[in-house]
Amino acid sequence: MPFLSDTLARVKPSPTIAVSNLAADLKAQGKDVIGLGAGEPDFDTPQNIKDAAIAAIVAGKTKYTAVDGIPELKKAICAKFKRDNDLDYTPAQVTVGTGGKQILYNALMATLNPGDEVIIPAPYWVSYPDMVLLAGGTPVFVEGPSQNGYKITPEDLEAAITPNTKWFIFNSPSNPTGAGYTAAELKGLTDVLMRHPHVWVMTDDMYEHLVYDDYEFATPAQVEPRLYDRTLTCNGVSKAYAMTGWRIGYAAGPVELIKAMGKVQSQSTSNPCSVSQWAAVEALNGPQDYIATNNEMFKRRRDLVVSMLSEIEGMDCPVPEGAFYVYPSIAGLIGKTTAAGTLIDTDETFAKALLEETGVAVVFGGAFGLSPAFRISYATADETLREACTRIQRFCAALT
Ligand SMILES: Cc1ncc(COP(=O)(O)O)c(C=O)c1O
């Protein structure tokens, strides 16, 4: 009898965490490594949020809470959905978990049966397919190629839907590409979903606030109100408020689904950290002005990276609408050989050689389901990014 479960054999560990670990190991060995793999803002959590957490500790708010969130946070989340998305939710329609990751996991665990299909546009956030597999479902991928700004079309979505489709996972702006669908583009997708009433929408709006230029964020239930009854709108405080370590994510949707998600959580982790919940209340109810200040920095960094990578022959770097990632295609570099003699046959070889020969750690596109490409997280200091891009330019210039 095998000791480990068959379910576990179907999933792989997060490749993005693997890159961060490898970069940290090389750094510990004294190598000059620039890690561009991590998906978190380099900014500190704002002081008002830290103060709210400290006040919560001092006031003894350190005990178990309701499994799916304190009433004060649920109220703040309802207010956020109204303010930012013009969506009406009551606290009974809201659930809070230990990060957006747990929220998505709870939803999939609560709903998937063997044979259920989940449509995932590729490139995708690394955890979607493996969470679907862990929950016993089948991921179905739809490619959004670089020529289409890494977005899928309504026709692509229509073609992927079968009688077994349970969920369509939507993520805009996207990790790993930063691609953001306009309301009109999203309407094209929701029109398809209106023709298939058995398909539910899980929208991962984690990067809602990290958007640049004149791009305007839109979410499915807002663009197509008739989808409200079969949409789970997921979000969290990790990215917009630089709170990745606090582990608070949330979602709103139909009460029966929210209750089912709470049931999963009640038998796994119980409530998210009480102190973090109070910090999240302050994040959502407090001043929001630093988001715009941070975005100015992110935009400057995005422009720096895109312009430096666009100078490289054989690399195609679309300008992302949001998040803090760029996803250059390296189709023009496949088949070349590095200065140290490595043949670049895949994006994985490219990323490995780049790390070994220049010390720049990026995540290869294969990890996100669309090759050949790689992801850079530009949530790091301008000088570091300039140095990293200079090294990438040199590495590519030496390819023969
Ligand atoms: C697209 C996307 N969704 C969800 C998450 C999970 O965020 P958290 O669990 O920190 O709330 C991440 C984090 O990288 C992400 O990029």
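Predicted, not measured: the structure shown is a model, and the values here were computed from it. (Residues numbered from 1 in each chain as written. Predicted model: local features only at pLDDT ≥ 70, side-chain atom pairs only at ≥ 80, totals over all residues. Heavy atoms only, no water.)

Undergrad: What is the right way to read the overall build of the protein chain from this model?
TA: Helices and strands together make up the secondary structure of the protein chain, namely 14 helices and 12 strands. Taking 400 residues into account, the globule formula puts the C-alpha radius of gyration at 21 Å, and the protein chain, at 21 Å, falls close to it. The C-alpha extent of the protein chain, read off along each of the three principal axes, is 60 × 55 × 55 Å. Expressed as a percentage of the 400 residues in the protein chain, the buried residues total 56%. Sequence-distant contacts in the protein chain: of pairs separated by 6 or more residues, those separated by 24 or more amount to 74%. With the model as given, the accessible surface of the protein chain reaches about 16,400 Å², and the carbon-plus-sulfur share is 56%. Of note, the protein chain has its 33 positive side-chain charges centred 5 Å away from the centre of its 46 negative side-chain charges. (Helix = DSSP H or I, 4+ residues; strand = E, 2+ residues; numbered from the N terminus. Rg over C-alpha atoms; globule rule 2.2 N^0.38 Å. Buried < 20%, exposed > 50% of the residue type's maximum accessible area, 1.4 Å probe, protein only. Contact = heavy atoms within 4.5 Å. Areas by Shrake-Rupley, 256 points an atom, 1.4 Å probe, with all protein chains shown as cover. Lys, Arg positive; Asp, Glu negative; His and termini not counted. Charge placed at Lys NZ, Arg CZ, Asp CG, Glu CD.)

Undergrad: Which parts of the structure should I look at to understand the side chain of H196?
TA: Inspection of the secondary structure puts H196 in the loop between α8 (183-194) and β6 (200-204). Excluding anything up to four places from it in sequence, H196 contacts E158, I161 and R230.

Undergrad: For this particular structure, what's the right way to read the UniProt feature "domain: Aminotransferase class I/classII large" (unreviewed entry) in the protein chain?
TA: The UniProt feature table records "domain: Aminotransferase class I/classII large" (unreviewed entry) at residues 31-392. This span, residues 31-392, is 39% helix and 14% strand, and a straight line between its end C-alpha atoms measures 17 Å. (UniProt positions renumbered as here; feature names shortened; annotations may be inferred.)

Undergrad: Help me understand the site of the ligand, please; the structure alone is not making it clear to me.
TA: Around the ligand, 13 residues are found, and the nearest of them are G100, D204, Y207, K239 and R247. Here G100 contributes a backbone N or O atom positioned 2.6 Å from an oxygen atom of the ligand. Contacts to the ligand include R247, whose side-chain N or O atom sits 2.7 Å from an oxygen atom. With three residues, the top contributor of residues to the shell around the ligand is helix α5 (residues 99-111). Tallied by class, residues from the shell around the ligand come to four nonpolar, five polar and four charged. (Near = heavy atom within 4 Å. Polar contact = N/O pair within 3.5 Å; in protein donor to acceptor, adjacent residues only side chain to side chain. Nonpolar A, V, L, I, M, F, W, Y, C, P; charged D, E, K, R; others polar.)

Undergrad: Sorry, what's going on with the packing of helix α12 (residues 289-310) against helix α14 (residues 382-397) here?
TA: A pair of packed helices can be characterised by two numbers: the angle between their axes and the separation between those axes. It is at 10 Å that the axes of α12 and α14 come closest, and there the two elements cross at 15°. As the angle between them shows, α12 and α14 are arranged roughly parallel. The two elements α12 and α14 meet at a crossing, and its hand is right-handed. Listed contacts from α14 to R300, R301, L304, V305, M308 and L309 of α12 are D382, L385, R386, C389, T390, I392 and Q393. Split by residue class, the contact of α12 with α14 holds seven nonpolar, two polar and four charged. (Axes fitted to C-alpha atoms, helices over the stretch in contact; angles between N-to-C directions. Parallel < 35°, antiparallel > 145°, perpendicular 65-115°, else oblique. Left-handed = near helix turned anticlockwise from the far one by under 90°.)

Undergrad: Could you clarify how one ought to interpret the sheet that holds strand β9 (residues 325-326) in this entry?
TA: Remark on secondary structure: sheet strands pair via backbone hydrogen bonds, oriented parallel or antiparallel. Pairing is antiparallel across the open sheet formed by three strands, whose spatial order is β9-β12-β11. The open sheet has two free edges, formed respectively by β9 and β11 (363-364), since each of these has just one partner strand. Pairing analysis gives two bridges linking β11 to strand β12 (residues 374-377), with the strands arranged antiparallel. Looking at β12, one finds that F364 is bridged to F374. (Pairing = 2+ DSSP bridges.)

Undergrad: Explanation requested: the packing of aromatic side chains in the structure shown.
TA: Taken as a whole and assessed by the stated rule, the structure comprises 19 aromatic pairs. Look at Y124 and F141: their rings are 5.0 Å apart centre to centre, the planes differ by 25°, and that puts the pair in the stacked class. Residue Y124 is found in the loop between β3 (117-122) and α6 (127-134), and its partner F141 is found in strand β4 (residues 138-143); the two are separated by 17 residues along the sequence. Relative to W200, the ring of W167 lies with its centre 5.8 Å away and its plane at 70°, an arrangement referred to as edge-to-face. Residue W167 is located in strand β5 (residues 165-171), and its partner W200 is located in strand β6; the two are separated by 33 residues in the primary sequence. (Phe/Tyr/Trp six-rings, centres within 6.5 Å; stacked < 30°, edge-to-face > 60°.)

Undergrad: Looking at this model, I keep getting lost on the pattern of salt bridges. Mind explaining?
TA: Close approach of charged atoms lets side chains of opposite charge pair. As enumerated under the stated definition, the model contains 26 salt bridges in all. K50 serves as the salt-bridge partner of D44, at 2.6 Å between the closest nitrogen and oxygen. For K50, a relative accessible area of 24% corresponds to the partly exposed category. When the shortest N-O distance is used, the salt bridge between R391 and E387 registers 2.8 Å. Of this pair, R391 and E387 both sit in helix α14, separated by four residues, roughly a single helical turn. Using a relative accessible area of 34% as the deciding quantity, one classes E387 as partly exposed. (Salt bridge = Lys/Arg side-chain N within 4 Å of Asp/Glu carboxyl O.)

Undergrad: What is the right way to look at the packing of helix α13 (residues 347-358) against α14 in this model?
TA: Between α13 and α14, the least distance of the axes is 11 Å, while the angle of their chain directions is 110°. The orientation of α13 relative to α14 falls into the category roughly perpendicular. From α13, F350, A353, L354, E357 and T358 reach across to α14, where they touch R391, I392, F395 and C396. When the residues that make up the contact of α13 with α14 are grouped by side-chain class, the tally is six nonpolar, one polar and two charged.

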